[in-house]
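A closer look at the structure
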Amino acid sequence: MMLSLEGDRPLDLVTLGRACIDLNAYDYNQPLERTKTFVKYVGGSPANIAIGARRLGLRTGMIAKVSDDAMGRFVVNFLKEVGVDTSGIVVDHDGHKTGLAFTEIKSPTECSILLYRDEVADLYLSPGEIHEDYLRKSKILLISGTALSRSPSREAAFYAAEVARKHGTRIVFELDYRAYTWKSKYEPMVYYTLMARLADVVIGTRDEYDVMEGGRGQDEVTASQLLAYAPSIVVIKHGVDGSVAYTKDAVVRAQAFHAKVLKTFGAGDAYASGLLYGLISGATLERALALASAAAAIVVGRHSSSEAMPSLEEVESFMNESRER
Ligand SMILES: Nc1ncnc2c1ncn2[C@@H]1O[C@H](COP(=O)(O)OP(=O)(O)O)[C@@H](O)[C@H]1O
Ligand SMILES: O=C(O)C[C@@H](O)[C@H](O)C(=O)COP(=O)(O)O
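Residues numbered from 1 in each chain as written. Chains lettered and ligands numbered in written order. Predicted model: local features only at pLDDT ≥ 70, side-chain atom pairs only at ≥ 80, totals over all residues.

**Here we look at the environment of Q218**
What counts, and what does not: Helix and strand assignments come from DSSP, with helices taken as H or I runs of at least 4 residues and strands as E runs of at least 2, each series counted from the N terminus. Buried residues are those with 20 or more other C-beta atoms within 10 Å of their own C-beta, exposed residues have 12 or fewer, and partly exposed residues lie in between; C-beta atoms are placed from the backbone.
Tracing the backbone through its elements, the reader meets Q218 in the loop between α6 (206–213) and α7 (219–227). Owing to 12 C-beta atoms within 10 Å, Q218 belongs among the exposed residues under this scheme. Taking C-alpha positions, Q218 is 8.3 Å from R206, a pair spaced twelve residues apart along the chain.

Here's what the structure looks like:
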């Protein structure tokens, strides 16, 4: 196994960051300007990853902050229904709202996301709301990069990482870049670099690493620079061109699977769920990347990024029936 994990913990994975709402175009294949009907789902990358990993059979939980209204309750109720532990989720009592993501599905390859995220509750998560006992319960803490975009959520995330390290809880950093939430190009460069260097596993798209590095980079260079610090696995995603994982002594490549694509988003979250399932269940890195790619290929064919997450049986039968691109 590439990642040594503490055994005997009640949770496999806790994700930290936003638990929000996705409003996905129902009358899709047209621009958002003309879209009139939407389906409401739980969304937000770290929430989707907790849901996806749960669907695959992991015991998952979330550390998040949600609004004290029907939207916040919708999110928490859904997480409970699918078996994600919500005891680390706090309710905001200062009037901050749960973020909304309106998704445009113009065609299977032309999708975009319009975020309504001013004064959102998730970015008001504070260090005092992070509980040491909760982090001690989990084998892995996954931190979403968007949680680093504003204070006090930024301090909460760094504090959680320190507490996790103290208790042997492995840290996975998902770069999860959303331009909208950042004030300048230098902020993600600074905070992504700090978090990536102290994580055990870093996951991001090539474009997201470029944001971190402040310019167009190369996979080998990105990986070797990070592997000189704490990370033992650096994963770089390339959309339909597949993905690659670097460790100190191996480079593992995975091709994307052929998929019937409905929309492009949700792939990354499904990919992270599959990868973490693989790493936690002791699969080889090759197998973990294949599970990740298959979960992603399934989700791009479905309407949401949360309810759409496949079970292990679905992923395995997809892998048996499909071929890589
Ligand atoms: N259109 C697609 N068809 C099949 N698999 C896809 C497709 N898009 C993405 N994937 C899979 O999902 C992974 C992550 O996708 P990517 O677009 O790189 O990340 P993100 O969704 O975070 O931007 C890819 O490495 C690939 O395996
Ligand atoms: O992350 C968000 O706030 C919105 C998500 O719920 C949305 O479905 C999405 O953008 C998924 O992102 P991806 O998996 O990185 O493509």
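So, next bit.
**Concerning the site of ligand 1**
Our working rule: The criterion for a residue being near a molecule or strand is simple: its C-beta atom, placed using the backbone, must lie within 6 Å of it. The classification used treats Ala, Val, Leu, Ile, Met, Phe, Trp, Tyr, Cys and Pro as nonpolar, Asp, Glu, Lys and Arg as charged, and all other residues, Gly among them, as polar.
In the region of ligand 1, 19 residues are neighbours, and K237, A267, G268, S293 and A296 sit closest. Split by residue class, the shell around ligand 1 holds ten nonpolar, eight polar and one charged.

**As for the site of ligand 2**
Around ligand 2 lies a shell of 14 residues, among which G43, F265, G268, D269 and S305 are the nearest. Secondary-structure elements contributing two or more residues to the shell around ligand 2 are β2 (20–25), α1 (45–55) and α8 (267–280). Here the shell around ligand 2 takes three residues from α8, the largest share from any one element.

**Some words on the UniProt feature "domain: Carbohydrate kinase PfkB" (unreviewed entry) in the chain**
Put simply, the test is: UniProt positions are given in the numbering used here, feature names are shortened, and annotations may be inferred rather than shown by experiment.
UniProt tags residues 12–310 as "domain: Carbohydrate kinase PfkB" (unreviewed entry). Taken end to end, residues 12–310 has its terminal C-alpha atoms 18 Å apart, with 34% of it in helix and 25% in strand.

**What about the sheet that holds strand β10 (residues 201–205)?**
The following threshold applies: Strands pair, by our definition, only if DSSP identifies at least two bridges between them. Inter-axis angles, ranging from 0 to 180 degrees, are taken between N-to-C directions of lines fitted to C-alpha atoms, where helices are fitted over the stretch in contact. Contact between two residues is assigned whenever their backbone-derived C-beta positions fall within 7 Å.
Read across the sheet, nine strands follow the order β5-β4-β1-β8-β9-β10-β11-β12-β13 without closing on themselves; strand pairing throughout is mixed. In the strand order of this sheet, the two ends are held by β5 (89–92) and β13 (251–254), each with one partner. Going across the sheet, the axis of each strand differs from the next one's by a mean of 15°, ignoring polarity. As judged from the four bridges shared by strand β12 (residues 243–246) and β13, these two strands associate in the antiparallel manner. Each residue of the ladder has a partner; that of V244, found in β13, is R253. Of the strands in this sheet, β1 (11–16), β4 (60–67), β8 (138–144) and β9 (170–174) touch α1, which is tilted by about 150° from β4. Packed onto the sheet, α7 meets β10, β11 (233–237) and β12 and runs at close to 155° relative to β11.

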